[in-house]
Amino acid sequence: MPEIRRLPENLVNRIAAGEVVERPSSALKELVENAIDAGATRIAVKLVDGGLASLEVTDDGCGMSPDEMALALERHATSKLPDEAIEQVVTLGFRGEALPSIASVARFTLESRPHGAEQGWKRVVDHGDLVAEGPAALPPGTRVRVENLFGKVPARRKFLRTARSEYAACVDVVRRLAMARPDVAITLDHADRRVLGLQGGEGLENRVAQIVARELKDNGVSIDVERGAMRLTGIAGLPTYNRGIADHQYLFVNGRPVKDRLLTGAVRGAYADMLARDRHAVLALFLDLPPEDVDVNVHPAKTEVRFRDAQAVRGFIVSGLRQALATSDKRSAQSPDAGAMSRWQAEPVREEPAPALRSIFAGRDWTAPQPRVAEANAVWRGVEAEVMAAPRGRAEEASPVTAEEQDFPLGIARGQVANTYIVAETKDGLILVDQHAAHERLVLERLRAAGAEDAVSRSQALLIPEVVEMDETSCDRLEEAADKLAELGLSIERFGPSAMLVRSMPHAIARTDPEKLLRDIDDDLALNGEALLLGEKLDLVLATMACHGSVRAGRPLRVDEMNALLREMERTPRSGQCNHGRPTWVKLSMEDVEKLFGRH
């Protein structure tokens, strides 16, 4: 019988490192979090070979004395839990495992100097063994260098990715932590090249836009809503400003970057009827709530959290996002695409001959002899049909704009191009409107206002209830979501430990295979913690109805019809994007127009 024995400290640290330190970015995350918790106002990060060769973090925080440095390299030693109330933790770190775990699998150099101390101190630990210590010259604060990560653990080293992949992961870690603390100045250097340089105190919106994308500030809405003890802040991109992957969604809970399926599901639910299923919103959301209402001690890397009242949190995020988007629901990602702007062609300018040549040919008629008038007329008649073809754009004579009309956000219609796009004039530029996409959104909102959503989800009982066999955990998830599904017209109930009974289906999708539908909904529940799929299917039915009932591309409109469409867009929620998340209109400012003609 194998003997139970106490593992040596070095082996314990290496096992802990397997949980906390997966790759260089994991170590970097722990070190930057320590710097933030130490009260740093400036943090400098330096990488070599994506962190595989070395990574260094320098801060101007409170610093440590030599005795504290020795204690910090022992397991479960921390200054972040003054008592045993772990549920009240407000710092990013709290376990006291990171430094000894990193030091057990790398060459670890720790230098620190408290404010007011005459000199600093240095300790060097090589894969768990203390190899040097003594005085160090550095300004107040702390500097940590990690070199040759997993150098003596080849089984772990071979699983690391390329330097480029590890570098990308490190940059992502720094970006997320920098977003959470706009009051802290952060720099990131890689191989003597400045990658990121952020000043402290620049404000949340500016910091987010600087890190995610500068155009997000112009194509997003600010969020600041409260409900009870919860507060949601940040910036959310307009539905028309979207991406093909969800990597541009940054979520924070009490200042901690997290990747939580409840939060991502809530974001998807908030944008459900404004984005196509394969498109994803761009945003940065900061959720603050009492520490006792969220458990951060559920993952070694602290990237996942668990909420005491998950449904209340989800409902708050969905309603907060929708409320913020509703304030700018008529907006679109208005700036024309840079690629489209670059394809505007200027009329080629005929170059004049050089002055010397001009003097030679001046005063002489060098043109070729012209054919007789009759011959010219015959040639002209041959191309007349092509040259004099009816233009594809239509316009009416411009009438004087009244003071009231000048204030219309979408301007006054001036014509129609290709029987598809409405050209409108505002006091500061031009508006181009996709008449089909715009009217499609208007019809969808009319259908909702008229109660069509309820009609689509009206329940239709099955003649013979269908039994769907599934594993027990899937049945548990579906049973828990049964009440919400019933609101959408899907009536299910438990039928033994490993089966569900489907009694009725939503009227609009009554021909759908119940077994396939339940399995898809179960996958949705497992992935997002919420049954979003069924609602999206019903939204698709409404969107199809709206598409067939809207003005088609290619239909000529009178100017009064165009203006009526513009005015209704100004009154209708979410009219800035169609049902698939594409913009219904774009704006070309007068400055852009002047640039096209070289007048700016």
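Conventions used here
- Residues numbered from 1 in each chain as written.
- Predicted model: local features only at pLDDT ≥ 70, side-chain atom pairs only at ≥ 80, totals over all residues.
- Heavy atoms only, no water.
- Helix = DSSP H or I, 4+ residues; strand = E, 2+ residues; numbered from the N terminus.
- Buried < 20%, exposed > 50% of the residue type's maximum accessible area, 1.4 Å probe, protein only.
- Polar contact = N/O pair within 3.5 Å; in protein donor to acceptor, adjacent residues only side chain to side chain.
- Contact = heavy atoms within 4.5 Å.
- Patch = residues over 30% accessible without salt bridge, like charges linked within 9 Å, V, L, I, M, F, W, Y side chains within 5 Å.
- Areas by Shrake-Rupley, 256 points an atom, 1.4 Å probe, with all protein chains shown as cover.
- Salt bridge = Lys/Arg side-chain N within 4 Å of Asp/Glu carboxyl O.
- Pairing = 2+ DSSP bridges.
- Axes fitted to C-alpha atoms, helices over the stretch in contact; angles between N-to-C directions.
- Core = buried A, V, L, I, M, F, W, Y, C linked by side-chain atoms within 4.5 Å.

(A) Summary view of unusual backbone geometry. A positive phi angle, near 55 degrees, is found at D49, a position not held by glycine. Looking at the element boundaries, D49 is found in the loop between strand 1 (42-48) and strand 2 (54-59). Taking the relative accessible area as the measure of exposure, D49 reaches 44% and is therefore partly exposed.

(B) Representation of the side chain of R567 within the structure. Mapped onto the elements, R567 comes out in helix 20 (residues 559-571). A polar atom in the side chain of R567 sits 2.6 Å from the backbone oxygen of G411. Setting aside residues up to four positions removed in sequence, R567 forms contacts with F408, L410, G411 and I412.

(C) Region of the structure containing a nonpolar patch on the surface. Where nonpolar side chains cluster on the molecular surface, the patch consists of V417, Y421 and L432 and spans about 250 Å² of accessible area. Its place among the elements puts L432 in strand 21 (residues 429-434). The class for L432 is partly exposed, based on a relative accessible area of 42%.

(D) Geometry of the pattern of salt bridges. In total, this model carries 24 salt bridges according to the counting rule given. E561 is the salt-bridge partner of R558, the closest N and O atoms lying 3.5 Å from each other. Through salt bridges with shared partners, one network takes in R107, D126 and K152.

(E) Layout of the sheet that holds strand 13 (residues 256-258). Within the open sheet, the 5 strands sit side by side as 9-10-15-12-13. Their pairing is mixed. Edge positions in the sheet fall to strand 9 (220-227) and strand 13, since each of these pairs with one other strand and no more. With direction set aside, neighbouring strand axes in the sheet form an average angle of 20 degrees. Relative to strand 10 (residues 230-237), strand 9 is paired through 8 bridges, and the arrangement is antiparallel.

(F) The arrangement of the nonpolar core in detail. Residues L28, I43, F108 and V146 are the most contacted members of the largest nonpolar core, which totals 60 residues. Take this core: its biggest share by element is 9 residues, from helix 6 (residues 163-180). Discounting residues that sit within four places of it in the chain, I43 has contacts with V32, A35, I36, V57, T58, D59, V184, A185, I186 and T187. L232, L289, V313 and A324 belong to the second largest nonpolar core, which has 36 residues in total.

Shape is all these values report; function is a separate question.
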